[in-house]
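One-letter residues, chain by chain:
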2 protein chains.
Amino acid sequence: MWQVPTRVLMGPGPSDVHPRVLKALSTPLVGHLDPAFLALMNEVRDLLKQVFGTKNELTLAMSGTGSAGMETVFVNLIEPGDRVVIGVNGLFGQRMADVASRCGAEVIPVTAPWGEPIAPEAVEKALKQADGPVKAVAVVHAETSTGVWQPLADIGRLAHAHGALFIVDAVTSLGGVPVEVDKNGIDACYSGTQKCLSVPPGLAPVTFSPRAQEAIRTRKTKIQSWYFDLSMIQQYWGEERFYHHTAPISMIYALREGLQVLVDEGLENVYRRHLELGRRLQAALEDMGLVLHVAEAYRLPQLTTVRVPEGVDEAAIRRRLLEEFGIEIGGGLGELKGKVWRVGLMGYSCQMKNVVLFTSALRQLLAEVR
Amino acid sequence: MWQVPTRVLMGPGPSDVHPRVLKALSTPLVGHLDPAFLALMNEVRDLLKQVFGTKNELTLAMSGTGSAGMETVFVNLIEPGDRVVIGVNGLFGQRMADVASRCGAEVIPVTAPWGEPIAPEAVEKALKQADGPVKAVAVVHAETSTGVWQPLADIGRLAHAHGALFIVDAVTSLGGVPVEVDKNGIDACYSGTQKCLSVPPGLAPVTFSPRAQEAIRTRKTKIQSWYFDLSMIQQYWGEERFYHHTAPISMIYALREGLQVLVDEGLENVYRRHLELGRRLQAALEDMGLVLHVAEAYRLPQLTTVRVPEGVDEAAIRRRLLEEFGIEIGGGLGELKGKVWRVGLMGYSCQMKNVVLFTSALRQLLAEVR
């Protein structure tokens, strides 16, 4: 049998999978229409509602990775010609703009430098200057490419004041910091399983408010994707149990267990663990004389971008961390390529021993090359 | 910890997962850009090429279920206004027509009754009567809704003679009967993992011929799906290793193992096992006085449709098989709803003991109600 090396996953995702989740993955299958599986789907939906902080009935896991969640939101809500204001301050904001434009949207980008949040004032200006009604405003809650923690409430209020839906990318935030879909007025939210949920990549939790559901119901055009068509998928997750596609059964087992692990620990405890250990890691990096890329007020605890010191070969350090210590961290993407390291403390990877291991290893390697 | 009941999966899929695959699923993760994972992706590609029977370089596993494979083929190959001839003789032919039309295709259906194959003559007539060039001809190799085994070679020759690409749905055929992509002149082929590969649902193996790759390369319009955009995805599976989306790592572990299990047994042995046990099951059902829905010449070994005898409550029999024997079989879909049972002998479920168990259980239940 083939083997893979043992890693400590401290990059921008995937994170280490919880042992209970690994065990769940090896459970023999039942069919996707088996009464036992349908009951499990209900449990997943109820657990997702808790973690999303929502009462939305249309809450489920799409059969693809986080980016499939993004595509699900846009193909279902956006019709050709719809105006969408999109916050672009990193790779995933850019991706939203790309996905929306493939749905025929008129994308109105609101930009900020990579490493800064989107300003509500800039969103307001875009909403006021638009040539007509705006269908949706979209931002990334936790920009995986920059480590920025985007405040949501003000932008949500602005979106609603202008009659627009509020779309939030919560791929890296869900289960790490509170998303609070209902309190933040989010109409459509998507995430991934491989970040703070400690589940392998492969599913995209999504949730849609009644307003968003209504927007899907009253579409004038057919949804361009069959695979992501929620008008059909909700009949499988709902009472009808109408066959659409075969659910990824083992991954649903895994998600069920990952969510239960979170709820068993207690969501408040989970958020506190991420916050405390993230701040501890960030303090340790600053103690080493390193510069954090994001201002303190907008710094995610679960994903830290730290600037590569002058004269240091960033790829060589990552390679040595992997080869000599088994630690994976991420490099920079897009504008930040070569300029930062991205260090994750997500889900099961968010442990004190990992903070200590990583900072000690990095200190040692930097001492050797500087 | 939650529990699910133990089942013998003899429906139209998922089938029972091989124990080696279940074990692979519980392997701790490495990152999706880890050198060890990239090596594993190469192994998956090489194994898929063996099982597909192709030299196609563009062979990979899409991050979704079999239907995502279908959508991948159509969104990448078809542009608005393209004519596509689609064989519709069951639910999955209908689905191809739906997916193609959402890509803006002009769909030319070639129909046959549910339970019969598509006649090459009918395809030829459609090609000749089309109002202009036809971009592609698409058929389902193993119609999961009917149990029909579609001959491919003649239709492939006709497609090529008319300058069209040949698209084949191999969801239920791959790993059960020979697909032989290159020998059959198939330009684009997709499958799922949960049928004859003995892997859970969640990935869609796909392969594209150089001609199909050229059709993607020379598109005039942008691919409407970001998630399924092969022009980007092939840069992750190819030498570039360009990040697109996070691969479903655990499922790739599982697919790697499932394919290796097939190759270890030997593909010829695998096909012989399916053929022999399928024919044995079908003979046993006929011995019981039951009528098989598909004529012998077009009967799939891995999926048998058997007509529900007059006066028998088909759903009640399925429920009792599940509850009293732990056996799952499928009911009819679409035109065959309520009229047939669908009995699978796919992958790891294709074992002599399952043939004996199922036929004995069914005989007992039918004796009680007749």
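Model, not experiment: these values are computed from the prediction. (Residues numbered from 1 in each chain as written. Chains lettered and ligands numbered in written order. Predicted model: local features only at pLDDT ≥ 70, side-chain atom pairs only at ≥ 80, totals over all residues. Heavy atoms only, no water.)

S.K.: Would you mind going over the overall build of chain A with me for this structure?
M.R.: From N to C terminus, chain A includes 12 helices and 14 strands. Over its C-alpha trace chain A gives a radius of gyration of 20 Å, about what one expects of a compact globule, namely 21 Å for 370 residues. Dimensions of chain A, computed from the C-alpha atoms along their principal axes, are close to 65 × 55 × 35 Å. Every one of the 370 residues in chain A was classed for burial, and the buried ones make up 68%. By sequence separation, contacts in chain A at least 24 residues apart represent 72% of the contacts at least 6 residues apart. Carbon and sulfur atoms make up 51% of the accessible area of chain A, which amounts to about 12,800 Å² in all. Averaging the positions of the 37 positive and the 40 negative side-chain charges in chain A gives two centres separated by 1 Å. (Helix = DSSP H or I, 4+ residues; strand = E, 2+ residues; numbered from the N terminus. Rg over C-alpha atoms; globule rule 2.2 N^0.38 Å. Buried < 20%, exposed > 50% of the residue type's maximum accessible area, 1.4 Å probe, protein only. Contact = heavy atoms within 4.5 Å. Areas by Shrake-Rupley, 256 points an atom, 1.4 Å probe, with all protein chains shown as cover. Lys, Arg positive; Asp, Glu negative; His and termini not counted. Charge placed at Lys NZ, Arg CZ, Asp CG, Glu CD.)

S.K.: What is the right way to look at the relation of the copies chain B and chain A in this model?
M.R.: Two copies of the chain are present, and they differ by a rotation about an axis and a shift along that axis. Between the two copies, chain B and chain A, the superposition gives an RMSD of 0.0 Å; the rotation angle is 180° and the shift along the axis is 0.0 Å. In symmetry terms, the pair is related by a two-fold rotation axis. Both copies present the same face, since 100% of the interface residues in chain B are matched by interface residues at the equivalent positions in chain A. (Least-squares fit on C-alpha atoms with pLDDT ≥ 70 in both.)

S.K.: Would you mind showing me how to read the UniProt feature "modified residue: N6-(pyridoxal phosphate)lysine" (unreviewed entry) in chain A here?
M.R.: All names here are of chain A. In the numbering adopted here, UniProt assigns the feature "modified residue: N6-(pyridoxal phosphate)lysine" (unreviewed entry) to Lys195. Looking at where Lys195 falls in the secondary structure, it is placed in the loop between β9 (188-190) and β10 (204-208). What makes Lys195 buried here is its relative accessible area of 5%. The contact partners of Lys195, leaving out residues within four places of it in the chain, are Pro12, Gly13, Ser15, Thr144, Val171, Thr172, Met346 and Gly347. (UniProt positions renumbered as here; feature names shortened; annotations may be inferred.)

S.K.: Could you clarify how one ought to interpret the state of the cysteines in this entry?
M.R.: As used in these notes, a disulfide is a covalent bond between sulfur atoms, one from each of two cysteines. What the rule picks out here adds up to 0 disulfides over all chains. Left unpaired, Cys189(A) is separated from the closest cysteine sulfur, that of Cys196(A), by 13 Å. Here Cys189(A) falls in the buried class, since its relative accessible area comes to 0%. Cys196(B) provides the cysteine sulfur closest to Cys350(B), a residue in no disulfide bond, and the two sulfurs are 8.0 Å apart. Classification of Cys350(B) by relative accessible area gives buried; the value is 1%. (Disulfide = S-S within 2.5 Å.)

S.K.: Whenever I open this one, the pairing of strand β8 (residues 165-169) of chain B confuses me. Can you help?
M.R.: All names here are of chain B. Within β8, 5 of the 5 residues are buried, which leaves it mostly tucked inside the rest of the structure. Because side chains alternate across β8, one face comprises the buried residues Leu165, Ile167 and Asp169, and the other comprises Phe166 and Val168, equally buried. Two elements, strand β5 (residues 136-140) and β8, share 5 bridges in a ladder whose sense is parallel. Looking at the pairing, Ala138 lines up with Ile167 of β8. (Pairing = 2+ DSSP bridges.)

S.K.: Help me out: how do you make sense of the interface of chain B and chain A in this one?
M.R.: When the parts come together, some accessible area is lost, and that loss is often what is quoted as the size of the interface. Residue-level contacts link 64 residues of chain B with 65 residues of chain A. In this assembly, chain B packs against chain A so that about 5,300 Å² is buried in total across both faces, 64% of it on carbon and sulfur atoms. In this structure, the connection of chain B to chain A is made through 6 salt bridges. A salt bridge links Asp98(A) to Lys222(B); its shortest N-O distance comes to 3.2 Å. Our count for the chain B to chain A interface comes out at 21 residue pairs in polar contact (both at pLDDT 80 or more). Going through the elements one at a time, α1 (19-25), α2 (35-52), α3 (66-77), α4 (91-102) and α9 (249-265) of chain B are the ones with two or more residues in the side of chain B that touches chain A. (Buried area = accessible area lost by both parts, 1.4 Å probe. Salt bridge = Lys/Arg side-chain N within 4 Å of Asp/Glu carboxyl O. Polar contact = N/O pair within 3.5 Å; in protein donor to acceptor, adjacent residues only side chain to side chain.)

S.K.: Would you explain the packing of aromatic side chains in this entry?
M.R.: The way to describe two aromatic rings as a pair is by their centre distance and the angle between their planes. This model, assessed by the stated rule, comprises 5 aromatic pairs over all chains. Ring centres of Tyr227(A) and Phe228(A) lie 5.2 Å apart, and the angle between their planes is 65°; this geometry places the pair in the edge-to-face category. One exposure class covers both Tyr227(A) and Phe228(A), and it is buried. Chaining the aromatic ring pairs together yields one cluster made of Tyr227(A), Phe228(A), Tyr227(B) and Phe228(B). (Phe/Tyr/Trp six-rings, centres within 6.5 Å; stacked < 30°, edge-to-face > 60°.)

S.K.: Would you take a moment to explain unusual backbone geometry for this structure?
M.R.: Phi is mostly negative for residues that are not glycine, and the peptide bonds are mostly trans. Residue and element names in this part refer to chain A. Here the residue pair Gly13 and Pro14 is connected by a cis peptide bond, since its omega of 5° sits within 30 degrees of zero. As for its position among the elements, Pro14 is in the loop between β1 (8-9) and α1 (19-25). For Ser198, which is not glycine, the phi torsion reads 60° and is therefore positive. Its place among the elements puts Ser198 in the loop between β9 and β10. On the accessibility criterion, Ser198 (7% relative accessible area) is buried.

S.K.: Explain the nonpolar core to me, please; I cannot follow it from the model alone.
M.R.: Nonpolar side chains in soluble globular proteins tend to end up buried together. Ranked by internal contacts, the top residues of the largest apolar core, which has 212 residues, are Phe74(A), Leu77(A), Phe74(B) and Leu77(B). Beyond its immediate stretch of four places on either side in the chain, Leu77(A) contacts Asp82(A), Lys135(A), Leu165(A), Ile167(A), Ala188(A), Phe208(A), Ala212(A), Ala215(A), Ile216(A) and Arg219(A). (Core = buried A, V, L, I, M, F, W, Y, C linked by side-chain atoms within 4.5 Å.)

S.K.: Got a minute to help me understand the domain arrangement of chain A in this structure?
M.R.: Residues and elements named next belong to chain A. Here the domain parsing of chain A yields domain 1 (8-13 + 267-369) and domain 2 (19-263). Summarising the inter-unit geometry, the C-alpha centres of domain 1 and domain 2 are found 27 Å apart. The interface is formed by 25 residues belonging to domain 1 together with 27 residues belonging to domain 2. Buried surface at the junction of domain 1 and domain 2, both sides included, amounts to about 2,200 Å², of which 67% is carbon and sulfur. Considering only the side of domain 1, the residues that lose the most area to domain 2 are Leu267, Tyr271 and Tyr298, jointly responsible for 26% of the buried surface there. For the pair domain 1 and domain 2, the interface holds 0 salt bridges. (Domains from an automatic or database assignment.)

S.K.: Explain the environment of Thr172(B) here, please?
M.R.: Residue and element names in this part refer to chain B. Residue position: Thr172 is located in the loop between β8 and β9 (188-190). Taking C-alpha positions, Thr172 is 7.3 Å from Gly192, a pair spaced 20 residues apart along the chain. With residues near it in sequence (within four places) discarded, Thr172 still touches Ala142, Thr144, Lys195, Cys196, Gln302 and Met346.

S.K.: I would appreciate a short explanation of the sheet that holds strand β4 (residues 106-111) of chain A in the present structure.
M.R.: Hydrogen bonds along the backbone pair up the strands of a sheet, which may run parallel or antiparallel. All names here are of chain A. Pairing within the open sheet is mixed, and its 7 strands lie in the order β2-β10-β9-β8-β5-β3-β4. Every other strand in the sheet has two partners, leaving β2 (58-62) and β4 as the edge strands with one partner each. When the angles between neighbouring strand axes are averaged without regard to direction, this sheet yields 15°. The strands touched by helix α5 (residues 120-129) are β3 (83-88), β4 and β5 (136-140); relative to β4, the strand with the most contacts, the crossing angle is about 150°. (Axes fitted to C-alpha atoms, helices over the stretch in contact; angles between N-to-C directions.)

S.K.: Quick question: what am I supposed to make of the UniProt feature "domain: Aminotransferase class V" (unreviewed entry) in chain A here?
M.R.: Per the UniProt record, "domain: Aminotransferase class V" (unreviewed entry) is found at residues 31-332 of chain A. Taken as a whole, residues 31-332 of chain A contains 42% helix and 16% strand, while its terminal C-alpha atoms sit 42 Å from one another.

S.K.: Honestly, the pairing of strand β3 (residues 83-88) of chain B in this entry has me stumped. Any pointers?
M.R.: Walk down a regular strand and you will see the side chains alternate between the two sheet faces. Residues and elements named next belong to chain B. Here β3 lies mainly inside the structure; 6 of its 6 residues are buried. By the alternation rule, side chains of β3 split into Arg83, Val85 and Gly87 and Val84, Ile86 and Val88, which are all buried. For β3 and strand β4 (residues 106-111), the ladder comprises 6 bridges, and the chain directions are parallel. Following the sheet pairing, Val84 is matched in β4 by Val107. Since β3 and β4 lie parallel, the crossover through α4 that links them has a hand, and here it is right-handed. Relative to β5, β3 runs parallel, the two being bridged by 3 bridges. Each bridged residue has a counterpart across the sheet, and for Val85 the counterpart in β5 is Val137. (Right-handed = clockwise from strand over helix to strand, strands pointing away.)

S.K.: It is not clear to me how the environment of Ile252(A) should be interpreted in this structure. Could you clarify?
M.R.: Residues and elements named next belong to chain A. Mapped onto the fold, Ile252 is located in helix α9 (residues 249-265). Distance in space between the C-alpha atoms of Ile252 and Ser63 is 9.2 Å, their sequence separation being 189 residues. With residues near it in sequence (within four places) discarded, Ile252 still touches Phe37, Leu40, Val44, Ala61, Leu203 and Trp237.

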